[in-house]
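# Observations on the model geometry
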Amino acid sequence: MINFYSLGAAQEVTGSKHIVDVDGHCYMIDCGAFQGKRKESDEKNREFDFPHDKLESVIITHGHFDHCGLLPVVVKKGFTGNIYATPATRDLASLVMMDSARIQARDAEYLGKQANKKGEKFNWKPLYKEEDCIKAANQIVTVSYNRKIYIGPNAQLEFHDAGHILGSSFAYLTISGQEKDGDTRILFTGDLGRKNKAIVRNPAVDFAPPDYIVAESTYGNKKHEDKEFALKELTKIIRQAIDRKGKIIVPSFAIERTQEIIYYLHLLIDKKKIPPIPIYVDSPMATNATSIFQVHPECYDASVTDAFIQHHKNPFGWGDLTYVTSLEESKALNKKQGPMIILSADGMCEAGRILHHLANNIDNERNTILIVGYMAENTLGRRILDGNKEVKIMGDIYQVRANVESINAFSAHADYEETTEWLDSIDKSRLKKIFLVHGEKEAQAFMKNYLNEHGYPNVEISKYGEKYEL
């Protein structure tokens, strides 16, 4: 018997954790942390539990925190088996886990000092430490795209390119001996990418027909703008900021989004669409991630391969671009006069150096806050995007006087039309059902109806903990 159920990203966007139970042998697809309100996310991450004694192996589709951030917790709780990922995903996930451990350690130290000042007891401890991350990384077995490998009794894994971020993959499971016709095939999209994105290839379509697809629905009720339109918008926003001598603050995920924006800025400057302008990447993690991008050419699309290998041109480095590493350099940016562009993490504005840049610039009408990615519910980024006139940053209230702009075309997630187009292009001769995960309730309801109307009648929205027999 095969059962499928979700322990995260069920009628919500973050915390992807899905289980395939094959006669008592469990396979976990993704092991992500919840993101959103700090207290709520912390509680959810601490409450995370899984079938310890039945867990055969873990599969990671890509290196984003909400897909790999709880790997150290699984290892800390006693899991000693293999964790499967592509080579690029292993490198990025290792970086993400270590960064999280360091942030938690700093938070614990800071909150402890604050509690001591007030004479209060302080019991909060990090979910995991750096040694837990190292142990988790040592359990990762790398598997390249299109290479089949047995990961347990009668269970075979094959990764296919998901076109989302560097190293991202579809996890294609083949469970043998379950059906009269031979096997059961389950395709997990992880995060489904988009066609014609910068740097990475298009999502794969050339795999054997699956029986079940577990698909994300982050943009289940939203459409992205056209890329060319987005580049025109980016050009306009930058030129306006230059005229105002203002700063453009870009909250950006350290992995993929930062590198993609850098790539497009380089393109616009090369084509003289915008004049040279100082650009600062103020995120040690983004700097480290960019170096990982440079050593994984097996993930590039043709244009980046051509730039790197044939023309020896680095799309991630040129004269106007500065990677900021030290805290002193970061603080010094507050005293510099615009125009300039600052890309900084965290992408949802919940932690990291972006908070300081927002605090120092959000109340100046010459400046621009440029939103280039998804903002989950209850995050500071979502409140800014929704047009709140004042926001709380690090405990203080700030007036939002800066221009707030949003460009959706840089999203790495397929929207509902792009997802349907991808489904239309694959072999569906065996498809029995589509499960929707990784989306807010309204987005999933819309996407289910849309898919029903476009030839996909058997669509189920996965509910937290509910088991579905396959």
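This text follows the structure it describes.
Residues numbered from 1 in each chain as written. Predicted model: local features only at pLDDT ≥ 70, side-chain atom pairs only at ≥ 80, totals over all residues. Heavy atoms only, no water.

## Overview of the environment of Q294
Position of Q294 relative to the elements: it lies in helix α8 (residues 284-294). Note: C-alpha distance between Q294 and A88 (206 residues apart in sequence) is 10 Å. (Helix = DSSP H or I, 4+ residues; strand = E, 2+ residues; numbered from the N terminus.)

## Looking at the sheet that holds strand β10 (residues 183-188)
Taken together, seven strands build an open sheet; the order of strands is β7-β8-β9-β10-β11-β20-β21 and the sheet is mixed. Each edge of the open sheet is held by one strand with a lone partner, namely β7 (149-152) and β21 (459-461). Between one strand axis and the next, the sheet turns through 25° on average, direction left out of account. Here seven bridges tie strand β8 (residues 155-161) to strand β9 (residues 169-176), and the two strands are oriented antiparallel to one another. Residue pairing across strands places D161 opposite S169, the latter belonging to β9. Sheet contacts for helix α14 (residues 441-453): β11 (212-216), β20 (433-437) and β21; angle to β21, the most-contacted strand, approximately 175°. (Pairing = 2+ DSSP bridges. Axes fitted to C-alpha atoms, helices over the stretch in contact; angles between N-to-C directions. Contact = heavy atoms within 4.5 Å.)

## Observations regarding the sheet that holds strand β1 (residues 2-8)
The strand order β6-β5-β4-β3-β2-β1-β22 describes an open sheet built from seven strands, whose pairing is mixed. For this open sheet the edge positions go to β6 (140-142) and β22 (468-469), each flanked by a neighbour on one side alone. Summarising the sheet, strand β4 (residues 55-59) and strand β5 (residues 83-85) pair through two bridges and their orientation is parallel. Across the sheet, V58 pairs through a bridge with I83, a residue of β5.

## Some points on the side chain of S411
Relative to the elements of secondary structure, S411 occurs in the loop between β19 (403-406) and α13 (416-425). Reaching out from S411, the side chain makes a polar contact with the backbone nitrogen of H413 at a distance of 3.1 Å. Once you skip the residues sitting within four places of it in the chain, S411 turns out to touch R194, K197, Y219, H224, R257 and V372. (Polar contact = N/O pair within 3.5 Å; in protein donor to acceptor, adjacent residues only side chain to side chain.)

## With respect to the side chain of Q259
Residue placement: Q259 occurs in helix α7 (residues 257-270). Among the polar contacts made by the side chain of Q259, one reaches the side chain of T290 at a distance of 3.0 Å.

## So, the packing of helix α4 (residues 87-118) against α8
The N-to-C vectors of α4 and α8 enclose an angle of 165°; their axes lie 10 Å apart at closest approach. On the basis of their axis angle, the class for α4 and α8 is roughly antiparallel. Here the hand of the crossing between α4 and α8 comes out right-handed. Facing D91, L92, L95, V96 and D99 of α4, the residues of α8 in contact are M285, N288, A289 and I292. Considering only residue class, the contact of α4 with α8 consists of six nonpolar, one polar and two charged. (Parallel < 35°, antiparallel > 145°, perpendicular 65-115°, else oblique. Left-handed = near helix turned anticlockwise from the far one by under 90°. Nonpolar A, V, L, I, M, F, W, Y, C, P; charged D, E, K, R; others polar.)

## Examining the packing of helix α6 (residues 227-244) against α7
Helix packing for two helices is described by the angle between their axes and how far apart those axes are. Contact pair α6 / α7: the axes reach a minimum separation of 11 Å and the direction vectors enclose 75°. The angle between the axes of α6 and α7 places the two elements in the roughly perpendicular class. On α7, the residues touching K227, L231, L234, T235 and I238 of α6 are Y264, L265 and L268. A breakdown of the residues in the contact of α6 with α7 according to their chemical character gives six nonpolar, one polar and one charged.

## Observations concerning the pairing of strand β13 (residues 279-282)
Every second residue of β13 is oriented toward a common face, with I279 and V281 on one face and Y280 and D282 on the other, all of them buried. The sheet contact formed by β13 and strand β14 (residues 321-324) spans four bridges and is parallel. Bridging across to β14, I279 finds its partner in L321. The sheet contact formed by β13 and strand β15 (residues 340-344) spans four bridges and is parallel. Its bridge partner lying in β15, D282 is registered against S344. (Buried < 20%, exposed > 50% of the residue type's maximum accessible area, 1.4 Å probe, protein only.)

## Concerning α7
Helical geometry: 3.6 residues make up each α-helical turn, so side chains three or four residues apart lie on a common side. Taking 1.5 Å of rise per residue, 14 residues should cover 20 Å, and α7 covers 20 Å from first to last C-alpha, within 8% of that figure. Burial within α7 is extensive, with twelve of its 14 residues counted as buried. Among all positions of α7, only R257, T258, Q259, E260, I261, I262, Y263, Y264, L265, H266, L268 and I269 are buried. Residue K272 follows α7 closely and has a positive phi angle near 60°. (Expected span 1.5 Å × (residues − 1).)

## With respect to the pairing of strand β17 (residues 390-393)
Looking along a regular strand, one sees the side chains alternate between the two faces of the sheet. Only one face of β17 is covered, namely the one carrying V391 and I393; the face carrying E390 and K392 has none of its residues buried. Adjacent in sequence and paired antiparallel, β17 and strand β18 (residues 396-399) are bridged by two residues, among which M394 carries a positive phi angle near 50°.

## Some remarks on helix α1 (residues 38-47)
Where α1 is concerned, the buried positions are S41, D42 and N45. Taken around the axis of α1, the buried residues stretch over an arc of 100°, which confines them to a single face. Away from its buried face, by an angle of more than 90 degrees, α1 presents the exposed residues K39 and E47. (Arc of directions from axis to C-beta.)

## Quick look at a nonpolar patch on the surface
On the surface, Y110, L111 and F122 cluster together into a nonpolar patch covering about 290 Å² of accessible area. Along the chain, F122 turns up in the loop between α4 and α5 (130-138). (Patch = residues over 30% accessible without salt bridge, like charges linked within 9 Å, V, L, I, M, F, W, Y side chains within 5 Å. Areas by Shrake-Rupley, 256 points an atom, 1.4 Å probe, with all protein chains shown as cover. Salt bridge = Lys/Arg side-chain N within 4 Å of Asp/Glu carboxyl O.)

## Re the state of the cysteines
By definition, a disulfide links the sulfur atoms of two cysteine residues through a covalent bond. Tallied over the full model, the rule gives zero disulfides. In this structure C26 is not part of a disulfide, and its nearest cysteine sulfur, from C31, lies 13 Å away. Given a relative accessible area of 1%, C26 falls into the buried group. Free of any disulfide, C133 has its nearest cysteine sulfur in C68, 9.6 Å distant. Assessed through its relative accessible area of 2%, C133 is described here as buried. (Disulfide = S-S within 2.5 Å.)

## What to know about the pattern of salt bridges
On inspection of all chains with the given rule, the structure shows 19 salt bridges. The salt bridge partner of K113 is E109, with a shortest N-O separation of 3.5 Å. Of the two residues, K113 and E109 are both situated in helix α4; the distance of four residues between them amounts to about one turn of the helix. Where E460 meets K433, a salt bridge forms, and the shortest distance between an N and an O atom there is 3.1 Å.

## Considerations on the packing of aromatic side chains
By the definition in use, this model includes 16 aromatic pairs. Through a chain of ring-to-ring contacts, three or more aromatic side chains come together here, namely F4, F188, Y212, F435 and Y468. Looking at K17, its charged tip hangs above the ring of F48, at a distance of 5.0 Å from the centre. (Phe/Tyr/Trp six-rings, centres within 6.5 Å; stacked < 30°, edge-to-face > 60°. Lys NZ or Arg CZ within 6 Å of the ring centre and 35° of its normal.)

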